[in-house]
Amino acid sequence: MTMSKRFFFLPILLILFSTALAQQDGTEAMRRAAQLEAEGKFREAAAVLQDARKRSAQPDFIKTLEFELDRLERIKLDYSLTKEKLFELLSRAVQGLTPQEFERWINEGKFDARQIDGVTYYMSSSVSNLFFRYPEFAARRIDPPDEREFEASTLQAVRSIKRAAMESGTPYVLPKRFQNTMTVALKPGAVPAGETVRAWLPIPRSFPHQRGFKILSSSPAVKSLAPEDFPIRSAYFEQMVEQEKPTVFQIEYEYTAYGVWFDLKPERVEAYDPHDPAVRDFTKEGPHVVFTEKIRRLSNDLAGGETNPLIKAHKFYDWITETIKYSYALEYSTIRNISEYCLSQGYGDCGQAALLFITLCRVNGIPARWQSGWLTIPGGKTIHDWTEIYLKPWGWVPVDPYMGVFAMQYFS
């Protein structure tokens, strides 16, 4: 009986041992690929990942390796400009640029650059980012955009919202009805004819400042609709691909959005229950929200001995708006820790500044969460990311570091 048990368990032990070795090999492959990427050896890094993928039998780890391979390709898409091409583009954007000045800017590190397989490449948004990060060059910009009307419209909208909120005694005011049409299309041949394509198109969720969603039309018909309070709400479609025809998904909808302004006063702040399900998950670390030593040090420098969460959050907001420059972003999925990246680089886009603010709040026990959707101001609209922090007795309060950065540094 004893011999039988030993014989029975031996294959299982061998399998477990084999699996452990495979995991160890996979971890070493990831480490080696990361080192090669840092050295600019992208082809070698891809070869290491591809070899590990061939040898792995674990579906989850194979997905991880495939992500890393795709990430290398996306980095190359972001860093697409050669030095010669960058100079050509800058010469068409900056008055009086000389080769000597350009070389000095390169040596000063004014542009995001990466070594990729023996060649230095520069980020595709380098020209635009030059003017964001170094406003002193605005006077030399050839054919600069005229933002005065948009800035005046934004200021007027902000003042109107604040005035209406103070007069009405409610934070949600001046409702506007919006009508949107969203279209997504697959090019002919992208998917073989006869196959079914599934699409999820984002739609507005129900929020205190956003209500009354209604579908006006769709093509094809919506197959299912996520609940109105679903965190990442979408309309789901299916459609069969036709030969030599684009596969088009379209939805037209309307909803009502409100301007928001809270009359926040530090002396009114109350302690919240950290076990409350509405907030308990929003003081923790998570992807891109990591309590690193650098984050803790900045938090201590800014907050000092302050204990009031509203005052502390205001300090973090003010520092970001006065210090972080706006910048068109790298592909988010190519950055390991976005909040730390934004802090270390000193620049970022709306979502990166939002993640930095969220991290500073959470490390201080202030519930903070990410929000994403439309920024709609008379005269302008765009996709946008911002934040909300929880302050009792008001509840979730929107905070937008991006608008603070633009108000402090770019609005004339």
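A brief look at the structure comes next. Remember, predicted model here, so these are calculated numbers, not experimental data. Throughout this description, residue numbers start from 1 for each chain and increase along the sequence as written. A pLDDT threshold of at least 70 governs which residues receive local features in this predicted model, and a stricter bar of 80 or more applies before side-chain atom pairs are shown or counted, although totals over entire chains, interfaces and linings include all residues. For the side-chain quantities, the full set of heavy atoms in the structure was used; hydrogens and water were omitted.

## Overview of the sheet that holds strand 6 (residues 210-219)
Move 1: If you walk across this open sheet you meet the 3 strands as 4-9-6, and the pairing is antiparallel. The open sheet terminates on both sides in strands that have one partner only, identified here as strand 4 (172-186) and strand 6. The sheet shows a mean angle of 15° between the axes of neighbouring strands, direction not considered.
Move 2: When strand 4 meets strand 9 (residues 247-260), the two strands line up antiparallel, connected through 13 bridges. Paired with Leu186 across the strands is Thr247, a residue of strand 9.
Move 3: Contacting strand 4 and strand 9, helix 7 (residues 148-168) runs over the sheet at an angle of about 135° to strand 4. Should DSSP find at least two bridges between two strands, the strands are regarded as paired. Helix and strand assignments come from DSSP, with helices taken as H or I runs of at least 4 residues and strands as E runs of at least 2, each series counted from the N terminus. Axis lines are fitted to C-alpha atoms, over the contacting stretch for helices. Their N-to-C directions set the angle, which ranges from 0 to 180 degrees. Contacts between residues were defined by any pair of non-hydrogen atoms, one from each residue, lying within 4.5 Å.

## What about the nonpolar core?
Move 1: If you look at the biggest cluster of nonpolar residues, it comprises 60 residues, and the most contacted ones within it are Ile320, Leu356, Phe357, Cys361 and Ile389.
Move 2: Sort the elements by how many residues they give to this core and helix 11 (residues 350-362) lands first, with 8 residues.
Move 3: Those residues in contact with Leu356, other than ones at most four positions away along the chain, are Ile295, Trp319, Ile320, Ile324, Ser339, Cys342 and Leu343.
Move 4: Only buried residues count toward a nonpolar core. Its members are Ala, Val, Leu, Ile, Met, Phe, Trp, Tyr and Cys residues joined through side-chain atoms within 4.5 Å. Between buried and exposed lies partly exposed: a residue is buried under 20% and exposed over 50% of the maximum accessible area for its type, with that area taken using a 1.4 Å probe on protein chains only. Listed in part, the 16 residues of the second largest apolar core include Leu97, Phe111, Tyr122 and Tyr134.

## Notes on the sheet that holds strand 14 (residues 395-399)
Move 1: With antiparallel pairing, 3 strands are arranged side by side in an open sheet as 12-13-14. Looking at which strands have only one partner, the edges of the open sheet turn out to be strand 12 (368-377) and strand 14. Strand-to-strand, the axes of this sheet are offset by a mean angle of 35°, without reference to chain direction.
Move 2: Pairing geometry for strand 12 and strand 13 (residues 380-391), over 10 bridges, is antiparallel. Residue Ser372 lies in a different strand from strand 13, and its bridge partner there is Asp385.

## With respect to the environment of Arg163
Move 1: With respect to the helices, strands and loops of the structure, Arg163 is situated in helix 7.
Move 2: As for Arg163 and Phe67, which are separated by 96 residues in sequence, their C-alpha atoms are 49 Å apart.

## Focus: the pattern of salt bridges
Move 1: Throughout this description, the term salt bridge denotes a Lys or Arg side-chain nitrogen within 4 Å of a carboxyl oxygen of Asp or Glu. In this structure the tally under the stated criterion is 26 salt bridges.
Move 2: Two residues, Arg74 and Asp70, come together in a salt bridge whose shortest N-O distance is 2.7 Å. You can see Arg74 and its partner Asp70 sitting in helix 3 (residues 59-78), 4 residues apart, about one turn around the helix.
Move 3: Under the relative-accessibility criterion, Arg74 is labelled buried at 16%.
Move 4: Residue classification places Asp70 among the partly exposed positions, given a relative accessible area of 40%.
Move 5: With its nearest N and O atoms 4.0 Å apart, the salt bridge here joins Arg297 to Glu293. Residue Arg297 and its partner Glu293 are located together in helix 8 (residues 293-303), separated by 4 residues, close to a single helical turn.
Move 6: When salt bridges with common partners are traced through the structure, they connect Glu101, Arg104, Glu108, Lys110 and Arg140 into a single cluster.

## A short note on the packing of aromatic side chains
Move 1: Here the aromatic set is Phe, Tyr and Trp, taking the six-membered ring for Trp, and pairing holds for ring centres within 6.5 Å; pairs whose planes are under 30 degrees apart are stacked, those over 60 apart are edge-to-face, and all others are tilted. This structure, assessed with the given rule, holds 22 aromatic pairs.
Move 2: Where Trp105 meets Phe137, the ring centres are 4.8 Å apart and the plane angle is 45°; that geometry is what we call tilted. Of this pair, Trp105 sits in helix 5 (residues 99-107) while Phe137 sits in the loop between helix 6 (126-133) and helix 7, and the two are 32 residues apart along the sequence. Both residues of the pair, Trp105 and Phe137, belong to the buried class.
Move 3: Residues Phe213 and Tyr253 carry aromatic rings whose centres are separated by 5.3 Å and whose planes lie at 50° to one another, so their mutual orientation is tilted. Residue Phe213 is located in strand 6, and its partner Tyr253 is located in strand 9; the two are separated by 40 residues in the primary sequence.
Move 4: Grouping aromatic residues by their ring pairs yields a cluster made of Phe87, Phe102, Trp105, Phe111, Tyr134 and Phe137.
Move 5: By the criterion adopted, a ring carries a charge over it if an Arg CZ or a Lys NZ lies within 6 Å of its centre and within 35 degrees of its normal. Between the NZ or CZ atom of Arg211 and the centre of the ring of Tyr258, over which it lies, the distance is 4.5 Å.
Move 6: Taking NZ or CZ as reference, Arg369 lies 3.9 Å from the ring centre of Trp396, over its face.

That's the geometry; what it means functionally is another story.
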